[in-house]
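# Observations on the three-dimensional arrangement
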Amino acid sequence: MTFDQDFLELINSFNEPYFEVSTTGEILLHNRALKDLVGDIAGKHIFDLFADSNRSQLQEILSLVSTVRQPQEIHLDLRSKAGTSVSVTLALTSLKKVDRSGEGCLRCRLHVFNQDKKIREGLVEAQHVLTKQAKELAILNHLSLAISSSLDLDEILNSICREMVSVFDARNTGIALLNDSQTSLRVVAFHTEHPDESNAVGLKIPLEGNDASLFVIKTGEPIVVPDAQFNPITNSVHDLMLQRGTSCLLIVPLLTRGDIIGTIGIPSDSQTIFSREDVKLAMTIAGQVAGVIDNARLHRTVQTARDDAELELEIGRQIQTGFFPDSLPQIKGWDLFAYFQSARQVAGDFYDAFPLNHESQLAVVLADVCDKGLGAALFMVVFRSLLRAN
């Protein structure tokens with residue numbers, strides 16, 4: 001089975017309509033849920049799916065997502081196959097691929113509103129939004145405290161996992177990073193509230209046969225996997241899901257500098273499926289986690305480079321001091337002393353003294369090689385060798 005067939009099977013397992021379009025609006029790919037909602041899609045454009053009054057809005061948002069490459073949402077009226085108008089939210093995201101004509105591509109997801117509940121939902125929406133925002137701010141504040149409480153990356157990530165278990169009422173939470181060959185994930189932080197559950201840190205999760213994680217890594221989109229112990233898109237980790245009692249699994253990407261570096265897995269041992277609000281909050285938290293990991297990696301790179309530079313300079317300093325004369329010649333009637341202090345750890349300054357004409361005369365050499373650092377010190381060594389040789 002090719003990856004394209006695997007991908008089609010994956011999107012056909014989604015309950016919500018999913019499709020991909022070119023920036024001109026041509027529908028390139030769709031799942032079964034969209035066809036069940038709007039009917040035959042062959043040869044159609046995205047504009048054909050919605051009311052004529054929505055056309056200008058659609059054109060604007062297609063152009064916006066293609067230009068700024070930031071996800072956008074818009075409320076529209078969908079034409080159902082029954083001929084009725086259905087209120088939906090269309091979420092669009094830019095993809096890193098082009099169609100056969102070289103046009104950019106966009107990912108589209110539809111969330112369908114229940115018309116019977118529309119008025120009632122509108123009445124409580126303001127209170128719901130305020131409550132949700134207050135909860136999210138409190139959660140993010142706790143995470144900020146966890147992040148700022150330590151300089152140790154492992155400790156920070158484990159603290160975040162502990163907070164996420166509490167926030168999502170999850171069985172456990174694990175943060176996993178991609179290996180260099182992008183063939184597996186390795187768990188680097190983990191927390192569980194179950195005393196009989198073993199620590200998963202260091203656990204290697206293969207990506208082959210794990211279509212759920214592959215989807216998240218290749219698309220940068222989150223995924224909710226119901227019935228994770230038997231769902232075909234988690235085939236390679238069924239034993240792990242069964243062993244840990246996972247019923248529903250939420251996987252969100254860790255995205256930094258435009259690249260996926262890993263995932264956060266949030267399993268639940270209840271039959272409750274994670275909500276859209278849960279997914280959005282998890283994505284917000286994942287953004288903070290990715291930033292922490294990226295900063296830690298950057299700090300480690302800088303620290304390694306600095307250590308290497310300091311070691312190189314120390315070697316240069318030893319070379320330089322090793323070629324200064326241990327003592328100066330003694331000339332009757334003269335007291336000779338030397339003191340040297342480099343501007344940096346190692347430099348190209350040089351001095352030497354040696355007798356001439358059967359020690360009746362004294363030659364004193366003072367020199368300064370242009371520039372500072374290891375290169376100047378090495379050039380000084382060459383100059384001294386040539387001087388002594390002649």
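Quick summary incoming for the structure in this document. (Residues numbered from 1 in each chain as written. Predicted model: local features only at pLDDT ≥ 70, side-chain atom pairs only at ≥ 80, totals over all residues. Heavy atoms only, no water.)

### Regarding the overall build of the protein
Check the secondary structure of the protein and you find 9 helices and 13 strands. Going through the 390 residues of the protein one by one, you find that 42% of them count as buried. When the accessible surface of the protein is split by element, carbon and sulfur atoms take 52% of a total near 22500 Å². (Helix = DSSP H or I, 4+ residues; strand = E, 2+ residues; numbered from the N terminus. Buried < 20%, exposed > 50% of the residue type's maximum accessible area, 1.4 Å probe, protein only. Areas by Shrake-Rupley, 256 points an atom, 1.4 Å probe, with all protein chains shown as cover.)

### Quick notes on the nonpolar core
Within the largest apolar cluster, 33 residues are counted, with the highest numbers of intra-cluster contacts made by Ile175, Leu254 and Ile285. Those elements giving two or more residues to this core turn out to be helix 4 (118–148), helix 5 (153–168), strand 6 (172–178), strand 7 (184–192), strand 10 (248–256), strand 11 (259–268) and helix 8 (276–322). With 10 residues, the top contributor of residues to this core is helix 8. Grouped together as the second largest cluster of nonpolar side chains are 29 residues, Phe7, Leu185, Phe215 and Leu249 included. (Core = buried A, V, L, I, M, F, W, Y, C linked by side-chain atoms within 4.5 Å.)

### Points about the pattern of salt bridges
Enumeration over the complete set of coordinates arrives at 7 salt bridges. Here Lys280 ties to Glu73 by a salt bridge, and the two come within 3.9 Å at their closest N and O atoms. With Lys280 in helix 8 and Glu73 in strand 3 (residues 72–79), the pair connects residues that are 207 residues apart, well separated along the chain. Owing to a relative accessible area of 44%, Lys280 belongs among the partly exposed residues under this scheme. Here Arg107 and Glu221 are joined by a salt bridge, their closest N and O atoms 3.1 Å apart. (Salt bridge = Lys/Arg side-chain N within 4 Å of Asp/Glu carboxyl O.)

### Looking at the packing of aromatic side chains
In the structure shown here, the tally under the stated rule is 4 aromatic pairs. Taken together, a centroid distance of 6.3 Å and an interplanar angle of 70 degrees make the contact between Phe7 and Tyr18 edge-to-face. Of the two residues, Phe7 is situated in helix 1 (residues 3–12) and Tyr18 in strand 1 (residues 18–22); the sequence distance between them amounts to 11 residues. The exposure class assigned to Tyr18 is buried, which follows from its relative accessible area of 0%. Each ring, one from Phe7 and one from Phe215, has its centre 6.1 Å from the other, and the planes form 25 degrees; the classification is stacked. (Phe/Tyr/Trp six-rings, centres within 6.5 Å; stacked < 30°, edge-to-face > 60°.)

### Some details on the sheet that holds strand 7
Here we have 6 strands laid out as an open sheet, ordered 8-7-6-11-10-9, and antiparallel in their pairing. Each edge of the open sheet is held by one strand with a lone partner, namely strand 8 (204–206) and strand 9 (223–225). Direction aside, neighbouring strands of the sheet carry axes that sit 30 degrees apart on average. Helix 6 (residues 211–219) contacts strand 6, strand 7, strand 9, strand 10 and strand 11 of the sheet and is inclined by roughly 30 degrees relative to strand 10. Contacting strand 6, strand 9, strand 10 and strand 11, helix 8 crosses the sheet at an angle of about 40 degrees to strand 10. (Pairing = 2+ DSSP bridges. Axes fitted to C-alpha atoms, helices over the stretch in contact; angles between N-to-C directions. Contact = heavy atoms within 4.5 Å.)

### Observations concerning the sheet that holds strand 2 (residues 27–30)
Read from one edge to the other, the open sheet built from 5 strands follows the order 2-1-5-4-3, with strand pairing classed as antiparallel. Strand pairing shows two members of the sheet lacking a second neighbour, strand 2 and strand 3, which therefore form its edges. Averaged over all adjacent pairs, the angle separating strand axes in this sheet is 30 degrees, with direction ignored. Bridge analysis of strand 3 against strand 4 (residues 85–98) gives 8 bridges, and the strand direction is antiparallel. What sits directly across from Gln72, in strand 4, is Leu92. Packing against the sheet, helix 3 (residues 55–68) makes contact with strand 1, strand 3, strand 4 and strand 5 (104–112), and its axis sits at approximately 150 degrees to strand 3.

### Observations concerning the environment of Phe215
For Phe215, the location among the structural elements is in helix 6. In the structure, Phe215 is positioned 38 residues away from Pro253 in sequence and 9.8 Å away in space, judged by C-alpha atoms. Beyond its immediate chain neighbours, meaning those up to four positions away, Phe215 contacts Phe7, Leu10, Phe14, Arg109, Gly220, Glu221, Pro222 and Ile223.

### A look at a negative patch on the surface
Taken together, the side chains of Asp307, Asp308, Glu310 and Glu312 define an acidic patch exposed on the protein surface. As for its placement among the helices and strands, Asp307 is situated in helix 8. What makes Asp307 partly exposed here is its relative accessible area of 37%. (Patch = residues over 30% accessible without salt bridge, like charges linked within 9 Å, V, L, I, M, F, W, Y side chains within 5 Å. Lys, Arg positive; Asp, Glu negative; His and termini not counted. Charge placed at Lys NZ, Arg CZ, Asp CG, Glu CD.)

### Points about the environment of Lys332
Counting through the fold element by element, Lys332 comes out in the loop between helix 8 and strand 12 (349–356). C-alpha separation for the pair Lys332 and Ser360, spaced 28 residues apart in sequence, amounts to 9.6 Å.

### Some remarks on unusual backbone geometry
Positive phi outside glycine occurs at Arg69, with the angle close to 55 degrees. Counting through the fold element by element, Arg69 comes out in the loop between helix 3 and strand 3. Phi angles above zero are rare outside glycine, and Asp227 is one such case at about 50 degrees. On the accessibility criterion, Asp227 (45% relative accessible area) is partly exposed.

### Details of the pairing of strand 11
Extensive coverage of strand 11 is indicated by the burial of 9 of its 10 residues. Sheet analysis places strand 10 next to strand 11, joined by 9 bridges and oriented antiparallel. Paired with Leu255 across the strands is Ile260, a residue of strand 11. Count of turn residues in the strand 10/strand 11 antiparallel hairpin: 2 residues, of which Arg257 carries a positive phi of about 55 degrees.

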